[in-house]
Structure formats: C-alpha cells, structure tokens
Amino acid sequence: LLDAGGADGVYVDCTFGRGGHARALLGCLSREGRLLAFDVDPSAIAEASRLSKQDPRLVAVHRPFSDLPQVPLPGGVATASGILADLGVSSPQLDQKQRGFSVLEDGPLDLRMNPRVGISA
C-alpha cells in the first residue's frame, strides 16, 4: 500500500475496527504522513479517537467510508495515496453478545455496525 505514495502520503483506512491495520500503517508513515480512519461502530471510533490523541497523524471519522468523497483529506491533498478496506465484522462485534452478531451465545438479534442508527434485525 505504501508503494503508491511513500511514507509522506495520505492514506485511508475504510474500516478502523480495533486499529490493527491503522497502527501498522502509522508505524510506516513519516511525520508528514497522514491516515484518515473511518468506522461507523461507536466503540471502534472511541478507540480511534484515543489513538489519534496519541498520534496526531491519525484523523478518526465517525462516518461510513462511502462518505469518503465528502470528507476533506488531511493536508488539503486532492486524492489519497492509498486506501485500505478490510470489510466484514470485527472480533469484538462477534465476542460481545449484546451486539447481536454472535451465533455462539444467546443475545438480541441486532446485526447493526452502528447500534445507534436504524432498527435492529
């Protein structure tokens, strides 16, 4: 991914999740590099916000990645150097029965990435 724009580029993580990919990307970026991290899951954005306080190269965005065209990229650049999308559910969504994704434990059937938006299943 970093071959496209190098360590100084602006990258997008479409699905922050628990931040594994974001942390790996930040570890490869220079001080000038930037990472925009999207997620709709409130707990994922809370973690992204904590990380962004430790590392200002990260910008957390609590919006779906489909909103990327409407979100200004850091540094005023016109296009991202690279985009990462690890699509699917994250481990905590499966592990927390109240989220409604688990097939191993009884819990409410919810199936929403953002439990504050829309109606449950």
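Residues numbered from 1 in each chain as written. Predicted model: local features only at pLDDT ≥ 70, side-chain atom pairs only at ≥ 80, totals over all residues. Heavy atoms only, no water.

Novice: Which residues make up helix H2 (residues 42-54), and what are the values?
Specialist: Because an α-helix packs 3.6 residues into every turn, residues spaced three or four apart end up facing the same way. Between the first and last C-alpha of H2 there are 19 Å, a value that for 13 residues agrees with the 18 Å anticipated at 1.5 Å per step. Buried residues of H2: Pro42, Ala44, Ile45, Glu47, Ala48 and Leu51, and no others. Packed against the buried residues of H2 are helix H1 (20-28) and strand S3 (58-61). (Helix = DSSP H or I, 4+ residues; strand = E, 2+ residues; numbered from the N terminus. Expected span 1.5 Å × (residues − 1). Buried < 20%, exposed > 50% of the residue type's maximum accessible area, 1.4 Å probe, protein only. Contact = heavy atoms within 4.5 Å.)

Novice: Give a description of the pairing of strand S2 (residues 34-38) that names residues and reports values.
Specialist: Most of S2 sits inside the fold, with four of its five residues counted as buried. Where strand S1 (residues 10-13) and S2 come together, four bridges link them in parallel fashion. Looking across to S2, one finds that Val10 is bridged to Arg34. With four bridges joining them, S2 and S3 adopt parallel strand pairing. When the sheet's bridge partners are listed, Leu35 is paired in S3 with Leu58. Handedness of the β-α-β unit built from S2, H2 and S3 comes out right-handed. (Pairing = 2+ DSSP bridges. Right-handed = clockwise from strand over helix to strand, strands pointing away.)

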